[in-house]
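Here's the letter readout for the chains.
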Amino acid sequence: MNNFFFFIKLLFLNYSLLRTFQILELKKLNVTGKTIEFGASKKENKNFSIHIKEMKKIEFSNIFTDKKLKIFYADLTKKLKIPSGNYRYILIFNVLEHLNNHNLSLKEMNRILKKNGTLIGSTPFIYQIHGAPKDYLRFSKDYLFFIFKKNKFRNIKIKNLGYGPLVACYSLLQAYLKYIPIINQIILFVCFIFDTIIQLFVKTKLKEIYPIGLFFEVKK
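Residues numbered from 1 in each chain as written. Predicted model: local features only at pLDDT ≥ 70, side-chain atom pairs only at ≥ 80, totals over all residues. Heavy atoms only, no water.

**Q** Quick rundown of the sheet that holds strand S3 (residues 71-73)? Include the residues and the values.
**A** Pairing in this open sheet of seven strands is mixed, and the strands run S3-S2-S1-S4-S5-S7-S6 from one edge to the other. Single-partner strands in this sheet number two, and they are S3 and strand S6 (154-161). The average undirected angle you get between the axes of adjacent strands in this sheet is 20°. On top of the sheet, helix H2 (residues 17-26) reaches strand S4 (87-93), strand S5 (113-124), S6 and strand S7 (213-219); it is set at about 140° to S6, its chief contact. Most of the contacts of helix H3 (residues 102-112) go to S5, to which it runs at about 140°, and overall it touches strand S1 (35-38), S4 and S5. (Pairing = 2+ DSSP bridges. Helix = DSSP H or I, 4+ residues; strand = E, 2+ residues; numbered from the N terminus. Axes fitted to C-alpha atoms, helices over the stretch in contact; angles between N-to-C directions. Contact = heavy atoms within 4.5 Å.)

**Q** Break down the environment of Asp66 for me, with residues and values.
**A** As for its position among the elements, Asp66 is in the loop between strand S2 (58-62) and S3. Sequence separation of Asp66 and Phe201 is 135 residues, and the distance between their C-alpha atoms is 52 Å. The contacts of Asp66, once residues within four sequence positions are left out, are Lys42 and Ile71.

**Q** Report on a nonpolar patch on the surface, specifying residues and quantitative values.
**A** A cluster of nonpolar side chains, contributed by Phe12, Ile182, Ile186, Phe189, Val190, Ile193, Phe194, Ile197, Leu200 and Phe201, occupies part of the molecular surface with about 1100 Å² of accessible area. It is helix H6 (residues 183-199) that provides the largest number of residues to the nonpolar patch, a total of six residues. With respect to the element layout, Ile197 can be found in helix H6. (Patch = residues over 30% accessible without salt bridge, like charges linked within 9 Å, V, L, I, M, F, W, Y side chains within 5 Å. Areas by Shrake-Rupley, 256 points an atom, 1.4 Å probe, with all protein chains shown as cover. Salt bridge = Lys/Arg side-chain N within 4 Å of Asp/Glu carboxyl O.)

**Q** Give me the pairing of S4: which residues, what numbers.
**A** Taking burial as the measure, the seven residues of S4 include six buried ones, the bulk of the element. Bridge count between S1 and S4: four bridges; the pairing is parallel. Its bridge partner being in S4, Phe38 is matched across the sheet by Ile92. In terms of strand pairing, S4 meets S5 through six bridges, oriented parallel. When the sheet's bridge partners are listed, Ile92 is paired in S5 with Gly121. (Buried < 20%, exposed > 50% of the residue type's maximum accessible area, 1.4 Å probe, protein only.)

Don't take any of this as a statement about function, it's just geometry.
Dropping the structure here:
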């Protein structure tokens with residue numbers, strides 16, 4: 001019930017549906033120890049680490065620096081100037097799709113994790129193009145599993161985020177629907193209802209066919 005009210009709260013705060021699902025998954029995890037969040041934002045409320053309770057040892061990185069917000073430069077498309085085995089956790093949300101050499105990126109993230117360290121993140125699937133500055137890829141569950149295994153990660157857990165085709169359509173339109181409060185939330189509620197009805201006639205979970213994003217947790 002608490003998750004339901006938190007879900008509604010995030011939507012009324014104009015969080016995207018994708019980000020809302022991502023935050024709900026992240027809040028289920030116990031993240032303690034030295035952590036780095038790649039793709040950190042200058043707007044602190046957009047960083048995923050703020051949704052982790054008792055997060056203390058956190059560092060932020062992006063392709064820009066901001067001394068005030070303690071964001072240091074790191075380019076995941078190149079070898080990182082970070083010591084090996086430096087972090088217990090890595091957070092990487094909505095970043096993989098912007099990397100044109102994800103095998104090198106994953107290899108480097110594996111290197112800077114401590115033994116048994118954890119990589120946690122998410123990436124969109126049915127989602128609009130969003131350059132930062134480029135948007136290169138969309139990853140399926142099968143392909144994520146393949147590249148994590150290839151780059152020597154283990155205990156690979158990947159979850160599709162979403163509900164069904166109508167909720168996926170809503171997600172694509174949300175950037176425009178958010179300008180009509182209340183009606184926006186009503187439309188989403190109707191989409192959930194119709195997807196629930198469709199699910200009665202389909203054996204496969206609809207979110208496995210129409211994911212708006214994927215959430216992953218893997219070990220070094």
